[in-house]
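# Topology and contacts: notes
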Amino acid sequence: MSESANVLLVDDNPKYLKDALPFYGYNVDTAQNGVQALNILDKTPDKYDIVLLDVMMPEMNGWETLKFIRKNKDTKYIPVIMITAVNEEQKIISGLKTGADDYIVKPFILPNLLARMEAVLRRVSWHREENISADTTVKNKKDLPPLTAREKEVLALTAKGANNKEIAEKLFLREVTVKSHLNNIFKKLNVTNRTQAVLLAMQTNLIK
């Protein structure tokens, strides 16, 4: 999948990935900040197969850059993986809702990032082959086991960044009951954590 794929790496310290990714078949261009990245994408919106977007950058951070990418009709469907040193679930979920396709938290090992890139590019390839709109996923809502009404409520609050205690108070439940609902959700969606569950649920329109 990585062979001849074109990457726009947006990072104010890009040397490591700029040097490493070509060994795995990627063609890499770099931008030092969000403003520079948007200028590059405006000029060549069809060139890039994927964007690796660092969050902490001067002039314009990654989240703001992502918003502009998704607002532009010429770039809104380019896959974007966020690279963040901020391991805060609420911020990550907010970024996914803005339109990130995946995220990875620094420090990371290169094989982890490569696997995420391959997965995102593979999904895009499937979409193209099946003529599916690029803002949907291969999985359809009908392919997933149905969630109960309560599970949907728990998942919707999770997507808003609520923790277990806040969900319990909002729904008049015990925290242990919230944990049980989340575990059931993870099993049904075949994911391992809250962020993955929220991402899949948004992609398949289980929640808005």
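Above: the structure in question.
Here the structure is a predicted model, which is why all the values come from computation and not from measurement.

### Some remarks on the pairing of strand β2 (residues 27–31)
Looking along a regular strand, one sees side chains alternate from face to face of the sheet. For strand β1 (residues 6–10) and β2, the ladder comprises five bridges, and the chain directions are parallel. Bridge pairing links Leu 9 to Thr 30 in β2. Of the crossover connections in this fold, the one passing from β1 over helix α1 (residues 15–20) to the parallel β2 is right-handed.

### A look at the nonpolar core
If you look at the biggest cluster of nonpolar residues, it comprises 47 residues, and the most contacted ones within it are Leu 8, Val 10, Leu 53, Met 82, Leu 155, Ile 185 and Leu 189. The leading source of residues in this core is helix α9 (residues 194–203), at six residues. Counting 19 residues, the second-largest nonpolar core is a separate cluster that includes Leu 9, Ala 20, Ile 81 and Ile 104.

### Details of the sheet that holds strand β4 (residues 80–84)
Spatial ordering of the open sheet is given by β2-β1-β3-β4-β5, a layout of five strands whose pairing is parallel. Of all strands in the sheet, those bounded by a partner on one side alone are β2 and β5 (102–105). Between one strand axis and the next, the sheet turns through 20° on average, direction left out of account. Two elements, β1 and strand β3 (residues 50–54), share four bridges in a ladder whose sense is parallel. Paired with Leu 9 across the two strands is Leu 52, which belongs to β3. Sheet strands touched by helix α3 (residues 62–71): β3 and β4. Its angle to β4, the strand with the most contacts, is close to 170°.

What counts and how
Residues numbered from 1 in each chain as written. Predicted model: local features only at pLDDT ≥ 70, side-chain atom pairs only at ≥ 80, totals over all residues. Heavy atoms only, no water. Pairing = 2+ DSSP bridges. Helix = DSSP H or I, 4+ residues; strand = E, 2+ residues; numbered from the N terminus. Right-handed = clockwise from strand over helix to strand, strands pointing away. Core = buried A, V, L, I, M, F, W, Y, C linked by side-chain atoms within 4.5 Å. Buried < 20%, exposed > 50% of the residue type's maximum accessible area, 1.4 Å probe, protein only. Axes fitted to C-alpha atoms, helices over the stretch in contact; angles between N-to-C directions. Contact = heavy atoms within 4.5 Å.

In short, the description is geometric, and any link to function would need to be established separately.
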